[in-house]
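Commentary on secondary and tertiary structure
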Amino acid sequence: MIELDHNRIPEHIAIIMDGNGRWAKKRGLPRSAGHAAGAESFRRAARYCRAIGVEYLTVYAFSTENWKRPEDEVRGIMGLLRKYLDEALRDMEKEQTRLRFFGDLSLLTPELRELCERAEERSKNYPGGQVNICLNYGGRDEIVRAAKHWAAEGCPELTEELFGSYLYTADMPDPDLLIRPGGETRISNYLLWQLAYAEMYFSDVLWPDFDEREIDRAIAAFQSRDRRYGGVK
Ligand code: FPP
(Lines give C-alpha, C1' and ligand atoms only; values in the text may rest on other atoms or scores of the structure.)
Protein backbone atom coordinates (compact mmCIF):
# COMPACT_ATOMS: atom_id res chain seq x y z
CA MET A 1 0.00 0.00 0.00
CA ILE A 2 1.49 3.33 -1.06
CA GLU A 3 0.81 6.18 1.33
CA LEU A 4 0.45 9.58 -0.34
CA ASP A 5 0.43 12.93 1.39
CA HIS A 6 -2.81 14.35 0.05
CA ASN A 7 -1.74 17.87 0.92
CA ARG A 8 1.22 17.62 -1.45
CA ILE A 9 -0.25 16.22 -4.65
CA PRO A 10 1.59 17.72 -7.67
CA GLU A 11 -0.47 20.44 -9.28
CA HIS A 12 0.78 19.59 -12.78
CA ILE A 13 1.95 16.17 -14.03
CA ALA A 14 3.43 15.63 -17.50
CA ILE A 15 3.66 12.14 -19.01
CA ILE A 16 5.56 10.67 -21.96
CA MET A 17 3.35 7.69 -22.81
CA ASP A 18 6.09 5.31 -23.97
CA GLY A 19 6.21 1.56 -24.45
CA ASN A 20 3.00 0.82 -26.38
CA GLY A 21 4.85 -0.93 -29.21
CA ARG A 22 6.84 -3.21 -26.90
CA TRP A 23 3.73 -3.99 -24.86
CA ALA A 24 2.05 -5.25 -28.04
CA LYS A 25 5.12 -7.14 -29.27
CA LYS A 26 5.40 -9.03 -25.99
CA ARG A 27 1.88 -10.29 -26.60
CA GLY A 28 2.36 -11.07 -30.28
CA LEU A 29 -0.04 -8.27 -31.19
CA PRO A 30 0.29 -5.51 -33.81
CA ARG A 31 1.63 -2.14 -32.62
CA SER A 32 -1.82 -0.67 -33.16
CA ALA A 33 -3.11 -2.87 -30.33
CA GLY A 34 -0.41 -1.37 -28.11
CA HIS A 35 -1.56 2.15 -28.94
CA ALA A 36 -5.18 1.18 -28.27
CA ALA A 37 -4.13 -0.15 -24.85
CA GLY A 38 -2.11 3.05 -24.39
CA ALA A 39 -5.17 5.17 -25.12
CA GLU A 40 -7.08 3.17 -22.49
CA SER A 41 -4.26 3.72 -20.02
CA PHE A 42 -4.44 7.46 -20.77
CA ARG A 43 -8.19 7.54 -19.99
CA ARG A 44 -7.58 5.73 -16.72
CA ALA A 45 -4.68 8.03 -15.78
CA ALA A 46 -6.74 11.14 -16.54
CA ARG A 47 -9.62 9.90 -14.37
CA TYR A 48 -7.30 8.97 -11.53
CA CYS A 49 -5.28 12.20 -11.58
CA ARG A 50 -8.48 14.17 -11.49
CA ALA A 51 -9.81 12.08 -8.57
CA ILE A 52 -6.73 12.70 -6.42
CA GLY A 53 -6.65 16.44 -7.16
CA VAL A 54 -4.03 16.88 -9.89
CA GLU A 55 -5.04 20.14 -11.53
CA TYR A 56 -3.18 19.75 -14.87
CA LEU A 57 -2.23 16.61 -16.76
CA THR A 58 -0.18 17.01 -19.95
CA VAL A 59 0.41 13.97 -22.14
CA TYR A 60 2.59 13.42 -25.21
CA ALA A 61 0.32 11.74 -27.75
CA PHE A 62 2.16 12.52 -31.00
CA SER A 63 5.47 14.26 -31.60
CA THR A 64 6.67 16.28 -34.58
CA GLU A 65 8.98 13.28 -35.25
CA ASN A 66 6.25 10.62 -35.09
CA TRP A 67 5.24 11.29 -38.73
CA LYS A 68 8.28 9.15 -39.65
CA ARG A 69 6.42 6.04 -38.44
CA PRO A 70 4.72 3.73 -40.96
CA GLU A 71 1.63 5.28 -42.47
CA ASP A 72 -0.77 2.72 -41.02
CA GLU A 73 0.62 3.26 -37.52
CA VAL A 74 0.14 7.04 -37.83
CA ARG A 75 -3.37 6.46 -39.14
CA GLY A 76 -4.06 4.15 -36.20
CA ILE A 77 -2.97 6.74 -33.61
CA MET A 78 -5.05 9.44 -35.34
CA GLY A 79 -8.02 7.06 -35.31
CA LEU A 80 -7.62 6.56 -31.55
CA LEU A 81 -7.49 10.29 -31.03
CA ARG A 82 -10.61 10.73 -33.08
CA LYS A 83 -12.40 8.10 -31.04
CA TYR A 84 -11.27 9.73 -27.83
CA LEU A 85 -12.44 13.17 -29.03
CA ASP A 86 -15.84 11.82 -30.06
CA GLU A 87 -16.27 10.35 -26.59
CA ALA A 88 -14.90 13.44 -24.86
CA LEU A 89 -17.37 15.64 -26.73
CA ARG A 90 -20.20 13.27 -25.86
CA ASP A 91 -19.34 13.07 -22.13
CA MET A 92 -18.09 16.58 -21.63
CA GLU A 93 -21.01 17.98 -19.65
CA LYS A 94 -20.70 15.18 -17.14
CA GLU A 95 -16.90 15.16 -16.86
CA GLN A 96 -16.40 18.94 -16.63
CA THR A 97 -12.71 18.57 -17.59
CA ARG A 98 -11.08 21.28 -19.69
CA LEU A 99 -9.32 19.94 -22.76
CA ARG A 100 -6.48 21.70 -24.53
CA PHE A 101 -4.26 20.71 -27.44
CA PHE A 102 -0.62 21.77 -27.72
CA GLY A 103 1.20 21.54 -31.02
CA ASP A 104 0.94 22.48 -34.66
CA LEU A 105 -2.54 21.23 -35.48
CA SER A 106 -2.33 22.49 -39.07
CA LEU A 107 -0.95 19.12 -40.21
CA LEU A 108 -3.91 17.15 -38.84
CA THR A 109 -6.86 16.34 -41.05
CA PRO A 110 -9.40 19.18 -41.08
CA GLU A 111 -11.86 16.83 -39.40
CA LEU A 112 -9.58 16.01 -36.47
CA ARG A 113 -8.55 19.65 -36.13
CA GLU A 114 -12.16 20.68 -35.99
CA LEU A 115 -12.86 18.14 -33.23
CA CYS A 116 -9.90 19.48 -31.22
CA GLU A 117 -11.11 23.05 -31.60
CA ARG A 118 -14.65 22.13 -30.66
CA ALA A 119 -13.52 20.24 -27.55
CA GLU A 120 -11.34 23.17 -26.45
CA GLU A 121 -14.04 25.72 -27.06
CA ARG A 122 -16.83 23.81 -25.34
CA SER A 123 -14.79 22.89 -22.26
CA LYS A 124 -12.92 26.16 -21.75
CA ASN A 125 -14.99 27.38 -18.79
CA TYR A 126 -15.33 24.09 -16.96
CA PRO A 127 -14.19 24.28 -13.36
CA GLY A 128 -12.67 20.75 -13.22
CA GLY A 129 -9.07 19.82 -13.89
CA GLN A 130 -7.39 20.30 -17.24
CA VAL A 131 -5.99 17.73 -19.65
CA ASN A 132 -3.50 18.94 -22.26
CA ILE A 133 -2.85 16.63 -25.18
CA CYS A 134 0.35 17.29 -27.14
CA LEU A 135 -0.29 16.57 -30.79
CA ASN A 136 2.26 17.14 -33.52
CA TYR A 137 4.16 18.75 -30.68
CA GLY A 138 7.89 19.37 -30.29
CA GLY A 139 9.57 21.39 -27.56
CA ARG A 140 11.96 23.14 -29.94
CA ASP A 141 9.15 23.82 -32.37
CA GLU A 142 7.18 25.43 -29.54
CA ILE A 143 10.13 27.65 -28.58
CA VAL A 144 10.70 28.75 -32.19
CA ARG A 145 6.99 29.47 -32.56
CA ALA A 146 7.10 31.56 -29.36
CA ALA A 147 10.14 33.48 -30.62
CA LYS A 148 8.33 34.24 -33.89
CA HIS A 149 5.32 35.61 -31.98
CA TRP A 150 7.61 37.76 -29.90
CA ALA A 151 9.36 39.09 -33.02
CA ALA A 152 6.01 39.72 -34.72
CA GLU A 153 5.03 41.88 -31.75
CA GLY A 154 8.07 44.07 -32.31
CA CYS A 155 10.50 42.38 -29.87
CA PRO A 156 9.22 43.86 -26.57
CA GLU A 157 11.65 43.87 -23.59
CA LEU A 158 12.26 40.17 -23.00
CA THR A 159 11.91 38.44 -19.64
CA GLU A 160 11.37 34.75 -18.83
CA GLU A 161 7.84 35.58 -17.82
CA LEU A 162 7.10 37.36 -21.09
CA PHE A 163 8.63 34.54 -23.13
CA GLY A 164 6.54 32.00 -21.20
CA SER A 165 3.43 33.89 -22.24
CA TYR A 166 4.03 32.92 -25.90
CA LEU A 167 4.14 29.20 -25.08
CA TYR A 168 1.17 26.81 -25.20
CA THR A 169 1.28 26.67 -21.41
CA ALA A 170 0.96 30.46 -21.02
CA ASP A 171 -1.76 30.44 -18.41
CA MET A 172 -0.72 27.46 -16.30
CA PRO A 173 2.01 26.45 -13.86
CA ASP A 174 5.01 24.42 -15.05
CA PRO A 175 4.87 20.64 -14.48
CA ASP A 176 6.00 19.62 -11.01
CA LEU A 177 6.57 16.03 -12.07
CA LEU A 178 7.51 14.37 -15.36
CA ILE A 179 6.72 10.66 -15.63
CA ARG A 180 8.31 8.58 -18.35
CA PRO A 181 7.37 4.90 -18.35
CA GLY A 182 8.85 2.47 -20.89
CA GLY A 183 12.44 2.31 -19.67
CA GLU A 184 14.04 5.21 -21.58
CA THR A 185 15.58 8.08 -19.63
CA ARG A 186 15.31 10.91 -22.16
CA ILE A 187 13.11 14.00 -22.47
CA SER A 188 12.62 13.48 -26.24
CA ASN A 189 11.91 17.11 -27.15
CA TYR A 190 9.07 17.35 -24.63
CA LEU A 191 8.17 20.61 -22.83
CA LEU A 192 11.80 21.75 -22.94
CA TRP A 193 11.15 25.15 -21.40
CA GLN A 194 8.53 24.06 -18.89
CA LEU A 195 10.44 21.11 -17.39
CA ALA A 196 13.24 23.35 -16.07
CA TYR A 197 12.52 22.46 -12.42
CA ALA A 198 10.34 19.37 -12.74
CA GLU A 199 11.15 16.24 -10.80
CA MET A 200 11.84 13.37 -13.20
CA TYR A 201 10.43 9.91 -12.63
CA PHE A 202 11.47 7.09 -14.94
CA SER A 203 9.99 3.62 -14.81
CA ASP A 204 10.52 0.37 -16.71
CA VAL A 205 6.78 -0.36 -16.66
CA LEU A 206 5.32 -0.02 -20.17
CA TRP A 207 2.66 2.68 -20.59
CA PRO A 208 -0.34 0.35 -21.12
CA ASP A 209 0.51 -1.27 -17.75
CA PHE A 210 1.05 2.05 -15.98
CA ASP A 211 -1.98 1.95 -13.70
CA GLU A 212 -3.14 3.88 -10.63
CA ARG A 213 -0.61 2.10 -8.43
CA GLU A 214 2.24 3.16 -10.70
CA ILE A 215 1.00 6.77 -10.61
CA ASP A 216 0.94 6.54 -6.81
CA ARG A 217 4.54 5.27 -6.90
CA ALA A 218 5.60 8.22 -9.05
CA ILE A 219 3.85 10.70 -6.75
CA ALA A 220 5.35 9.05 -3.65
CA ALA A 221 8.82 9.42 -5.22
CA PHE A 222 8.02 13.08 -5.96
CA GLN A 223 6.91 13.63 -2.38
CA SER A 224 10.10 12.09 -1.01
CA ARG A 225 12.28 14.54 -2.91
CA ASP A 226 13.42 17.91 -1.75
CA ARG A 227 12.70 20.64 -4.29
CA ARG A 228 15.13 23.51 -3.91
CA TYR A 229 14.82 25.30 -7.27
CA GLY A 230 18.57 25.91 -7.22
CA GLY A 231 18.56 27.41 -3.74
CA VAL A 232 19.29 25.90 -0.30
CA LYS A 233 16.89 24.92 2.44
C1 FPP B 1 5.05 5.79 -27.70
O2 FPP B 1 5.13 4.36 -27.64
C3 FPP B 1 3.66 6.18 -27.95
C4 FPP B 1 3.22 6.95 -29.00
C5 FPP B 1 4.15 7.50 -30.02
C6 FPP B 1 1.79 7.25 -29.21
C7 FPP B 1 1.00 7.54 -27.97
C8 FPP B 1 -0.42 7.42 -28.33
C9 FPP B 1 -1.39 6.92 -27.55
C10 FPP B 1 -1.17 6.52 -26.13
C11 FPP B 1 -2.76 6.69 -28.09
C12 FPP B 1 -3.58 7.92 -28.47
C13 FPP B 1 -3.68 8.93 -27.42
C14 FPP B 1 -4.82 9.47 -26.90
C15 FPP B 1 -4.65 10.71 -26.07
C16 FPP B 1 -6.18 8.94 -27.10
P17 FPP B 1 5.99 3.59 -28.73
O18 FPP B 1 5.11 3.22 -29.86
O19 FPP B 1 7.19 4.41 -29.09
O20 FPP B 1 6.42 2.30 -27.92
P21 FPP B 1 7.77 1.49 -28.10
O22 FPP B 1 8.88 2.39 -27.65
O23 FPP B 1 7.56 0.33 -27.19
O24 FPP B 1 7.85 1.08 -29.55
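The sections below set out a description of the structure shown in this document. Here the structure is a predicted model, which means the values were calculated and not measured. (Residues numbered from 1 in each chain as written. Predicted model: local features only at pLDDT ≥ 70, side-chain atom pairs only at ≥ 80, totals over all residues. Heavy atoms only, no water.)

**What to know about helix H3 (residues 71-95)**
- The principal kink in H3, of about 45 degrees, is found at Leu 89.
- If you check which residues of H3 are buried, you get Glu 73, Val 74, Ile 77, Met 78, Leu 81, Tyr 84, Leu 85, Glu 87, Ala 88, Leu 89 and Met 92.
- Those residues of H3 that are buried are in contact with helix H2 (31-52), strand S2 (56-63), strand S3 (98-102), helix H4 (110-123) and strand S4 (130-137). (Bend = angle between axes of the 7 residues up to and from the residue. Helix = DSSP H or I, 4+ residues; strand = E, 2+ residues; numbered from the N terminus. Buried < 20%, exposed > 50% of the residue type's maximum accessible area, 1.4 Å probe, protein only. Contact = heavy atoms within 4.5 Å.)

**Describing the packing of aromatic side chains**
- Scanning the entire structure with this criterion turns up nine aromatic pairs.
- Here Phe 42 and Tyr 84 contribute two aromatic rings whose centre-to-centre distance is 5.1 Å and whose plane-to-plane angle is 75 degrees, an arrangement assigned as edge-to-face. Of the two residues, Phe 42 sits in helix H2 while Tyr 84 sits in helix H3, which places them 42 residues apart along the sequence.
- Owing to a relative accessible area of 6%, Phe 42 belongs among the buried residues under this scheme.
- On the accessibility criterion, Tyr 84 (16% relative accessible area) is buried.
- Through successive ring pairs, a cluster of aromatic residues spans Tyr 60, Phe 102, Tyr 137, Tyr 168 and Tyr 190. (Phe/Tyr/Trp six-rings, centres within 6.5 Å; stacked < 30°, edge-to-face > 60°.)

**Some points on the site of the ligand**
- In the neighbourhood of the ligand, 17 residues make up the surrounding shell, with Asp 18, Gly 21, Arg 22, Arg 31 and Arg 69 lying closest.
- The side chain of Asp 18 places a nitrogen or oxygen atom 3.1 Å from an oxygen atom of the ligand.
- Between the ligand and the protein, one listed contact pairs an oxygen atom with a side-chain N or O atom of Arg 22 at 2.7 Å.
- Burial of the ligand by the surrounding chains reaches 92%, relative to a free accessible area of 630 Å².
- Listed by contribution, the elements that provide at least two residues to the shell around the ligand are helix H1 (20-26), H2 and H3.
- Sort the elements by how many residues they give to the shell around the ligand and H2 lands first, with five residues.
- Broken down by class, the residue content of the shell around the ligand amounts to seven nonpolar, six polar and four charged. (Near = heavy atom within 4 Å. Polar contact = N/O pair within 3.5 Å; in protein donor to acceptor, adjacent residues only side chain to side chain. Areas by Shrake-Rupley, 256 points an atom, 1.4 Å probe, with all protein chains shown as cover. Nonpolar A, V, L, I, M, F, W, Y, C, P; charged D, E, K, R; others polar.)

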